[in-house]
Amino acid sequence: MKQYIVILFLCVVSLGSYSAQSFVGKLNPNPVQHQGFLDAGDSLKIIAVLVEFQEDKDDATFGDGKFGSIYSKDYGTYILDPLPHNKEYFEDHLTFAQNYFNKVSNEKFNISFDVLGDILTVSKTMRNYTPPINDQSELSPLGDFTEEVWSLADAHYSSINFSDYDLFVIFHAGVGKDVSLPGSIGNERDLPSVYLNEKTLKNIYGSDFEGYPVNGGTFNITNSAILPETESRELSGFSGTTLIELTINGLIAATIGSHLGLPDLYNTETGLSAIGRFGLMDGQSIFTYQGIFPPEMSAWEKMFLGWVTPIEIPVENSSITITAKYTSPFGDASLIKIPINSTEYYLIENRKRDAKKDGSKVTYKSNGNIFSKTFDRDYANYIYYNVDTLQGVILDVDEYDWALPGGDRNSKIENFEDVGLIIWHIDERVISEKYESNTINNDKFNRGVSIVEADGIQDIGEQFQTVFGDVVVGEGTKEDTWYSSNPAELYTNELGPATKPNTTTNSGASSLITMLNFSEVGNEMTFDLKFGSDEIDLIGNIELPFEDKINWLTKVNINDSTKILATTNDNVYVMNTNGNIINTIAFSSKFKPAVLSLNNSTVLFLVSATSISVVQYTESSLKMESLEIPISSFSTPPVIASIINNDVDILVGTSSGEIYRYGASFGANISFSHLMTLKAFDQPVKQIASEETIYIDAYNISAIGKNYYFGSVWPREPQSTNTVFQVDGDASQLIMTDSENGFTSAIQTSSGIYIVKNNESIETIYNYSDSNNSSLALSDIKNDGGNYIIQNSGEYLSAMNLAGSSANNFPYQDEFHSTFYSSPLSVDLNDDEAGEIITFTEDGKVIAVDGKTGEMIDGFPLSSGGKVATVPVIFSENGKTGLCLITEENQFISWYISKSDGKKFWTEEYGNSMNTSFVPSASSSELVTEFFPQSEAYNWPNPVYEGSTNIRYYVSEDSDAEVTIFDLAGDLVAKLSGKGLGGFDNEIVWDVSDIQSGVYFAHLKVTSNSGKTDTKIIKIAVIK
């Protein structure tokens, strides 16, 4: 019998590989927003017809095409699915489906049916309707069969109103091409069991196909299920012929599931199992207990259909109690959901084989009579691979989850065994992307609906070869469920970041979720739930209760309590750092607000196209003053340029090239006025940057238009002048910093990054050809006296100094070559006064990179589950550094990412909540004072395989650099020169595209403006 079991579960491959074709093109809801295909009280009405073929003697099919011809002898009525296979027989099987769906839906879904008893006969033999052996994706023969059947049915049953029905079923003579047993007679040309929906039929007939016309053309049939009379068949061997009894109850239930929109949960490419016997839509479930009854649907399947709603667990450490469905009092949790990120979550259910503690009661029909039999435990003849003790057609089972895997390595058949908690890892992104192709579980490392196998080995559906050469397919077992006495060797009674299995996301990021201390198996089970790690704590993870698109995030800190402000087109939502909304300010904002804390209140400056408003907000009051722009319209976000006591200066640009300065005074009332106007250039102002000289009334500012740069001191100092430079390409962003040598601005355009020094000169430090306009950020990542420009550049996170040279240990690329997205941020996470870089990827990872070493910080990556909707925010709260973001799915997620509150550099869009796009001068604790350190002079890459190499050097003073390159024979190869910026690493590029392979010597000489000089010889290998 064990040999047979190995073969039986391999046979599901045939079902799966064909179902991959037959179940495509179902309903296509967006699972992330899916609210249930069906509502309470919905029903399904089925009509079924019986069909025979022209008689044949074909050895490639079971039987001769007529009902009851598949057996070589009379087995009587003491078998499953006994003859005759007539109207009553098929009504009994549909009665099982009726009972199954009523029970698993908690009586929310009802099935009714009519079986038309007269047998229809099609014009050809069976083999003429089955797809070609070498191309089973070609479904046209099945389409021809279906078309002929409904044409015959329409003619024969002229009084039937087909529009009264939802699902159209064809029960045909013979078995299904779903089970292939070695030694069996026929099978190659049997009909596969398929569900043909409207999309599948359009694939067969073309996009104009409207269905099979019936009732005089007044109604079109747009779906059909093709099912066999039975899956039982004879197996021939040396010892004679054996009847393998397999019924069609599980197959009917799965077919109805397909009609309702459920995707297949096995690997539809190989047919191998993916979830085992833990849900309906898997081959191991369809044919468990010889097909007489599958287990209940999984939690996700029921949730997809709208039959259950899980209790979502908030982000807080807690002890969880979860009760079995059939014994759960009203209000008790029988299904819980633990969010991981915006698209992934855990579903945990306490399903039981025998929650009622009354055994397994089976109701069946034999010889026209209904019987019931109860089993108090598993028996050799009532177990998932053998039900020899039963006969007839199974009509009902009191608890379908008796079909769950019940045994671990300590089990004995004489003792009843129940199961622990079932944990599902759901990824709605995978489901959404692969639903149409019906492949959501084909990638075993990235499944949409996955069992978290407690035994630590992901072996469901895996194939193993025994010492005897047999191939065994891994099945789900009790050891895949969670309970304290689980005897699996890798089981530790904990599911966390470092366990096996672990709680990482499908992208490999940490979920910061730990489940531990699972109780023993019971109708009521408990476990402890914890969030966070040694360095990182999860604060909030909730879906925002509105559908508005978030355009900007900012923050304000009052009395060590941070408020997050999320701005949409029409509202500003004020939230705690856990995502709970405190208040809503109605305002149609065109740009990111500027925000500050003043006198224990939050002050916002909001700009629409034609007005600027100031809002002073506390938890008990809200004041607002607004001013209209007299001409033109506003074209930039507001910038808070200075704060003197209760007086605040605000700068805003206009579409006519002006910069407006406003003043706001805060006392008992708000005094808000326009102070002055400065003309910058004759094109719209796109952005303003301002020096953060808080409490001082004179400050450096800069601005950009489409292709102009403007710089000034505001209010203008005596003798000062405004500076205007033109740049190539369309300017998109402006950032600014200061140093001992004055102020430096960087401008990103579509043709490069430009540097303006003290409003006196402009130069290009970086050219790029891909017009990558991802946002720039500034940070002191090295403590070497200079700030660095940080940028997401495709698969790379780049960092360069203000001389245009790449920072040591950069660019950074993650191991998955993820595409970086949005703007990088920077904050000190490890208390070394240097900035770490926080950045984001398109697939939803949050990565923190050490600015000095270029390596990922421990505890990262984290996961958001999808693209961020706007630039995230770094904040301070409770003496810690926090990070919050909102995804495109409006999921709010926040973390404490450091146990201390480190120095902030670039914390949100435009650098900070005041929108200044400014970072103060960098620390010089690791500044190199030696004029020309030899160790800092080298070339990279070396060896040089293609393109070019960078000759890198450091000088402490502005210097001229000359490079003379010789080959081994001493012949001159190239002369290069450059200007070295004092206090920076500098680079000169040598183009080797026309240079032959070999070893070369580069003589580098630097001469400072003060007369200092030094040299070094660098050995360069070129390999092509």
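In this text the structure is predicted, and so the values were computed from the model without any measurement.

Draft legend 1. Expanded view of the confidence of the model for the chain. For the chain, per-residue confidence averages 90 on the pLDDT scale, and residues scoring 70 or more make up 93% of the total. Confidence drops under a pLDDT of 50 for residues 1-41, and excluding neighbours within four residues, the segment shows 126 contacts in the predicted structure.

Draft legend 2. Focus on helix α4 (residues 140-156). Look at α4: 24 Å from first C-alpha to last across 17 residues, which is about the 24 Å you get at 1.5 Å a residue. Considered for burial, the residues of α4 that qualify are Pro141, Leu142, Gly143, Phe145, Thr146, Glu148, Val149, Trp150 and Ala153.

Draft legend 3. Summary view of unusual backbone geometry. Going from Phe860 to Pro861, the amide bond is cis rather than trans, its omega being 5°. Here Pro861 is to be found in the loop between β50 (845-849) and β51 (862-863). Following Trp940, the chain continues to Pro941 via a peptide bond in cis, the omega torsion being -10°. Relative to the helices and strands, Pro941 is located in the loop between β57 (938-940) and β58 (948-955). The backbone of Ser822 sits at a positive phi, close to 65°, despite the residue not being glycine. You can see Ser822 is positioned in strand β48 (residues 820-827). A residue is classified by how much of its surface remains accessible, and Ser822, at 18% relative accessible area, is buried. In this structure, Ser917 is a non-glycine residue whose phi angle is positive, near 55°. For Ser917, the position within the fold is in the loop between β55 (904-906) and β56 (918-919).

Draft legend 4. Up close: the packing of helix α3 (residues 87-104) against helix α6 (residues 249-259). Packing of α3 against α6 leaves a shortest axis separation of 9 Å and a crossing angle of 55°. As summarised for this structure, α3 and α6 are arranged oblique, according to the angle between their axes. As α3 packs across α6, the resulting crossing turns out to be right-handed. For the pair formed by α3 and α6, the contact residues are His93, Leu94, Phe96, Ala97, Tyr100 and Phe101 on the first element and Asn249, Ile252, Ala253, Ile256 and Gly257 on the second.

Draft legend 5. Examining the nonpolar core more closely. Counting residues in each nonpolar core, the largest one holds 84 residues, and the members touching the most others are Phe101, Phe171, Ile256, Phe293, Trp300, Leu390 and Trp424. Considering each element in turn, this core owes the most residues, eight residues, to α3. Aside from chain neighbours lying at most four places away, what touches Phe171 is Ala48, Val49, Leu50, Val51, Phe67, Phe90, Leu94, Leu227, Pro228, Ile248 and Ile252. Core analysis: the second largest hydrophobic core is formed by 74 residues, Ile320, Ala488, Ala807 and Leu825 among them.

Draft legend 6. Just the sheet that holds strand β43 (residues 752-757), in detail. The mixed open sheet is built from five strands, whose spatial order is β44-β43-β42-β41-β56. The outermost strands of the open sheet, each flanked by one partner alone, are β44 (761-766) and β56. Bridge analysis of β43 against β44 gives five bridges, and the strand direction is antiparallel. Its bridge partner lying in β44, Tyr754 is registered against Thr764.

Draft legend 7. Representation of the side chain of Thr200 within the structure. With respect to the helices, strands and loops of the structure, Thr200 is situated in helix α5 (residues 198-205). Engagement of the side chain of Thr200 in a polar contact is seen with the side chain of Asn197, the distance being 2.9 Å.

Draft legend 8. Spatial organisation of the pattern of salt bridges. All told, the structure shown has 37 salt bridges when counted by the stated rule. Where Glu52 meets Lys66, a salt bridge forms, and the shortest distance between an N and an O atom there is 3.9 Å. Placement of Glu52 in strand β1 (residues 42-52) and of Lys66 in the loop between β1 and α3 is noted, with a sequence separation of 14 residues between them. Relative accessible area serves as the criterion here: at 12%, Glu52 is assigned to the buried category. In this structure, the salt-bridge partner of Arg661 is Asp649, at a minimum N-O distance of 2.6 Å. On the criterion of sequence distance, the pair formed by Arg661 in strand β35 (residues 658-666) and Asp649 in strand β34 (residues 647-653) is long-range, its members being 12 residues apart. Taking the relative accessible area as the measure of exposure, Arg661 reaches 12% and is therefore buried. On the basis of relative accessibility, which here comes to 8%, the residue Asp649 falls in the buried class. Bridged by salt links that share partners, the residues Glu88, Asp92 and Lys365 form one connected network.

Draft legend 9. Here's a closer look at the packing of aromatic side chains. For the structure shown, the criterion picks out 44 aromatic pairs. A ring pair is formed by Phe96 and Tyr100, whose centres lie 6.1 Å apart and whose planes are at 25°; its orientation type is stacked. On the criterion of helical spacing, the pair formed by Phe96 and Tyr100 is a turn pair, its members being four residues apart in helix α3. Centre to centre, the rings of Phe375 and Tyr382 are 3.8 Å apart; their planes meet at 15°, and the pair counts as stacked. As far as burial versus exposure is concerned, Phe375 and Tyr382 are alike and both buried. Ring pairing ties together the aromatic residues Tyr289, Phe293, Phe375, Tyr379, Tyr382, Trp402 and Phe416, which thus form one cluster.

Draft legend 10. Just the environment of Ser898, in detail. On the secondary structure map, Ser898 appears in strand β54 (residues 891-898). For Ser898, a relative accessible area of 2% translates into the label buried. A C-alpha to C-alpha distance of 24 Å links Ser898 and Asn808, two positions 90 residues apart in sequence. When sequence neighbours within four positions are dropped, the list of residues in contact with Ser898 reads Glu535, Leu829, Lys880 and Thr881. A polar side-chain atom of Ser898 sits 3.3 Å from the main-chain carbonyl oxygen of Ser900.

Draft legend 11. Fine view of α5. Burial in α5 covers these residues: Thr200, Leu201 and Ile204. Looking straight down α5, one finds that the buried residues subtend no more than 95° of arc, so they occupy a single side. Between the side-chain oxygen at the start of α5 and the backbone nitrogen of Lys199 there is a gap of 3.2 Å, and the oxygen is on Asn197. Looking one or two residues past α5, Gly206 carries a phi angle of roughly 110°, positive in sign.

Draft legend 12. A look at the environment of Glu520. For Glu520, the location among the structural elements is in the loop between β22 (513-516) and β23 (524-531). Leaving out residues up to four positions away in the same chain, Glu520 has contacts with Tyr483, Ser484, Ser485 and Met525. A polar side-chain atom of Glu520 sits 2.9 Å from a polar atom in the side chain of Ser484. One polar contact links Glu520 to Ser485, side chain to side chain, over a distance of 2.7 Å.

Conventions used here
Residues numbered from 1 in each chain as written. Predicted model: local features only at pLDDT ≥ 70, side-chain atom pairs only at ≥ 80, totals over all residues. Heavy atoms only, no water. pLDDT = per-residue confidence, 0-100. Contact = heavy atoms within 4.5 Å. Helix = DSSP H or I, 4+ residues; strand = E, 2+ residues; numbered from the N terminus. Expected span 1.5 Å × (residues − 1). Buried < 20%, exposed > 50% of the residue type's maximum accessible area, 1.4 Å probe, protein only. Axes fitted to C-alpha atoms, helices over the stretch in contact; angles between N-to-C directions. Parallel < 35°, antiparallel > 145°, perpendicular 65-115°, else oblique. Left-handed = near helix turned anticlockwise from the far one by under 90°. Core = buried A, V, L, I, M, F, W, Y, C linked by side-chain atoms within 4.5 Å. Pairing = 2+ DSSP bridges. Polar contact = N/O pair within 3.5 Å; in protein donor to acceptor, adjacent residues only side chain to side chain. Salt bridge = Lys/Arg side-chain N within 4 Å of Asp/Glu carboxyl O. Phe/Tyr/Trp six-rings, centres within 6.5 Å; stacked < 30°, edge-to-face > 60°. Arc of directions from axis to C-beta.

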